[in-house]
Amino acid sequence: MSQVHSIAVIVGSLRKDSINRKVAHALAELAPSSLKLSIVEIGDLPLYNEDIDADSPPAAYTSFREALKGADGFLFVTPEYNRSVPGALKNAIDVGSRPYGKSAWGSAKPAAVVSASPGAIGGFGANQHLRQCFVFLDVLCMQQPEAYLGNAGTFFDEHGKLNEKTRPFLQNIIDAFAGHVARTLKV
Ligand SMILES: Cc1cc2nc3c(=O)[nH]c(=O)nc-3n(C[C@H](O)[C@H](O)[C@H](O)COP(=O)(O)O)c2cc1C
């Protein structure tokens, strides 16, 4: 069997009934056997502050960083807040990026961004702003297909089941991501 790559999934919404969390679960179910997706939680990370990070970092910072370091790649599934990245997700990116020179995002790991919104634009602003961070962080984001999921409030029924019309679109995204991971990691 070919190698299985572990992917840390970061969901940009802290909401219990989050559409983006449902999309993340759906992508995990649809993922080919070469990927193992696990959500890494960001809701308990204290707001990034260099003072508290100096001598004895909060346990939540340390465990988050360890989870990132242990992953072969990253999948971000996020809403857009005010046409940009939700604060909780930006905080997680900042926590992972420090201490300076020891970023837990690593070097040249593969990633992808999926943004979902009940609105028509599909979280385009958050999706693009995240990609901007990745240039500096040396995270290699999949270019195509771009994944702006508009009208995402209709994707799941009241039991959380993905509708059949949306399934092929998500399948295409996760299959393309598996290809991007394999090409980037060259295995
Ligand atoms: C503070 C805030 C700002 C928002 N700004 C946007 C926005 O810029 N664009 C958009 O499409 N939706 C925006 N929304 C609506 C979210 O897309 C919607 O609440 C969505 O369901 C959040 O994702 P979730 O279901 O995964 O929590 C905003 C919601 C909040 C709470």
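Throughout, residues of each chain are indexed from 1 in the direction in which the sequence is written. Totals for whole chains, interfaces and linings use all residues, but because this is a predicted model, local features are given only for residues with pLDDT of at least 70 and pairs of side-chain atoms are given and counted only at 80 or more. Processing note: side-chain calculations cover all non-hydrogen atoms of the structure and skip hydrogens and water entirely.

**Let's talk about the overall build of the protein chain**
Cut-off, in case you're wondering: Strands are runs of DSSP state E lasting at least 2 residues, helices are runs of H or I lasting at least 4, and numbering of each runs from the N terminus. Here the radius of gyration uses the C-alpha set of atoms, whereas the globule reference equals 2.2 Å times the residue count to the power 0.38. Only protein chains enter the calculation, and the probe is 1.4 Å; a residue is then buried if its accessible area is under 20% of its type maximum, exposed if over 50%, and partly exposed in between. Here the positive residues are Lys and Arg and the negative ones are Asp and Glu; neither His nor the chain ends is included. One atom stands in for each charge, and that atom is NZ of Lys, CZ of Arg, CG of Asp or CD of Glu.
What the protein chain contains, in helices and strands, is 6 helices and 6 strands. Computed over its C-alpha atoms, the radius of gyration of the protein chain comes to 16 Å, within 12% of the 16 Å expected for a compact globule of 187 residues. When each of the 187 residues of the protein chain is scored for burial, the buried share is 47%. Here the protein chain contributes 18 positively and 18 negatively charged side chains, and the mean placements of these two sets differ by 4 Å.

**Considerations on the nonpolar core**
Using the following cut-off: To qualify as a nonpolar core, a set must consist of buried Ala, Val, Leu, Ile, Met, Phe, Trp, Tyr and Cys residues joined through side-chain atoms within 4.5 Å. Contacts are residue-level and defined by heavy atoms, with any inter-residue pair within 4.5 Å sufficient.
One finds V23 and L75 to be the most contacted residues of the largest nonpolar core, which totals 30 residues. Among all residues touching V23, those that are not within four sequence positions of it are V77, V114, A116, L149, F156 and L170. If you look at the next biggest cluster of nonpolar residues, it comprises 27 residues, including I10, I42, L45 and L130.

**Overview of the site of the ligand**
Quick note on the threshold: Think of it this way: one heavy atom of a residue within 4 Å of a molecule or strand is enough to make that residue near it. Within 3.5 Å is the distance limit for a polar contact, defined as a pair of N or O atoms, with the added protein rule that one can donate a hydrogen and the other accept it, and that residues adjacent in sequence qualify only through two side-chain atoms. Accessibility throughout is a Shrake-Rupley quantity obtained with a 1.4 Å probe, and a residue counts as covered only by protein chains that appear here. By the convention adopted, Pro, Cys, Tyr, Trp, Phe, Met, Ile, Leu, Val and Ala count as nonpolar, Lys, Arg, Asp and Glu as charged, and the other residues, Gly among them, as polar.
The local shell around the ligand consists of S13, R15, S18, I19, N20, P79, E80, Y81, N82, R83, S117 and P118. R15 places a polar side-chain atom, nitrogen or oxygen, 2.6 Å from an oxygen atom of the ligand. Taking S117, its side chain carries an N or O atom lying 2.7 Å from an oxygen atom of the ligand. For the ligand, the protein covers 70% of the area, taking 620 Å² as the surface of the free molecule. Along the lines of polarity and charge, the residues of the shell around the ligand split into 4 nonpolar, 5 polar and 3 charged.

**Quick word on the side chain of N20**
With respect to the helices, strands and loops of the structure, N20 is situated in helix α1 (residues 19-30). Overall, the relative accessible area of 4% leaves N20 in the buried class. At a separation of 3.3 Å, a polar atom in the side chain of N20 contacts the main-chain amide nitrogen of T78.

**Describing the layout of surface pockets**
Here is the rule: Whether a set of points on the 1 Å grid over the protein atoms alone is a cavity depends on a 1.4 Å probe fitting there but being unable to get out, while an open set qualifies as a pocket with protein on both sides within 12 Å along at least five of seven lines; lining residues are those with an atom within 4 Å of a point. Grid points are joined across faces, edges and corners, and a volume is the space filled by probe spheres set on the points.
There is about 210 Å³ of room inside the largest pocket. Around the largest pocket sit K90, I93, D94, S97, R98, Y100, G101, K102, S103, C133, F136 and L137, which together line it. When residues of the lining of the largest pocket are traced back to their parent elements, those giving at least two are α4 (87-97) and α5 (124-137). It is α4 that provides the largest number of residues to the lining of the largest pocket, a total of 4 residues. For the lining of the largest pocket, the per-class residue count stands at 5 nonpolar, 3 polar and 4 charged.

**Here we look at the UniProt feature "domain: NADPH-dependent FMN reductase-like" (unreviewed entry) in the protein chain**
This is how it is decided: UniProt positions are given in the numbering used here, feature names are shortened, and annotations may be inferred rather than shown by experiment.
The UniProt entry lists residues 7-152 under the feature "domain: NADPH-dependent FMN reductase-like" (unreviewed entry), expressed in the numbering used here. Taken end to end, residues 7-152 comprises 36% helix and 21% strand; its first and last C-alpha atoms sit 23 Å apart.

**Side note on the packing of helix α3 (residues 59-69) against α4**
Packed helices, taken two at a time, are described by the angle between their axes plus the distance between the axes. The following threshold applies: Angles shown run from 0 to 180 degrees and are taken between the N-to-C directions of axes, each axis being a line fitted to C-alpha atoms and, for helices, limited to the stretch in contact. Angular relationships are summarised with four words: roughly parallel below 35 degrees, roughly antiparallel beyond 145, roughly perpendicular across 65 to 115, and oblique for the angles in between.
Look at α3 against α4: their axes get within 9 Å of each other, and the N-to-C directions meet at 80 degrees. Here α3 is positioned roughly perpendicular relative to α4, judged by the angle of their axes. Along the contact surface, α3 presents Y61, F64, R65 and L68, while α4 presents A92, V95 and G96. Among the residues making up the contact of α3 with α4, the classes are represented as 5 nonpolar, 1 polar and 1 charged.

**Describing the pattern of salt bridges**
For side chains of opposite charge, pairing can occur when their charged atoms come near one another. Defined as follows: Here, a salt bridge means any side-chain nitrogen of Lys or Arg that lies within 4 Å of a carboxyl oxygen of Asp or Glu.
A full pass over the atoms with the stated rule returns 8 salt bridges. With a closest N to O distance of 3.3 Å, D17 and K22 form a salt bridge. The partner of E66 in a salt bridge is K69, and the shortest N-O contact between them spans 3.9 Å. Taken as a pair, E66 and K69 lie in helix α3 at a separation of 3 residues, close to a single helical turn. Given a relative accessible area of 46%, K69 falls into the partly exposed group. One salt-bridge network, in which partners are shared between bridges, spans K161, E164 and R167.

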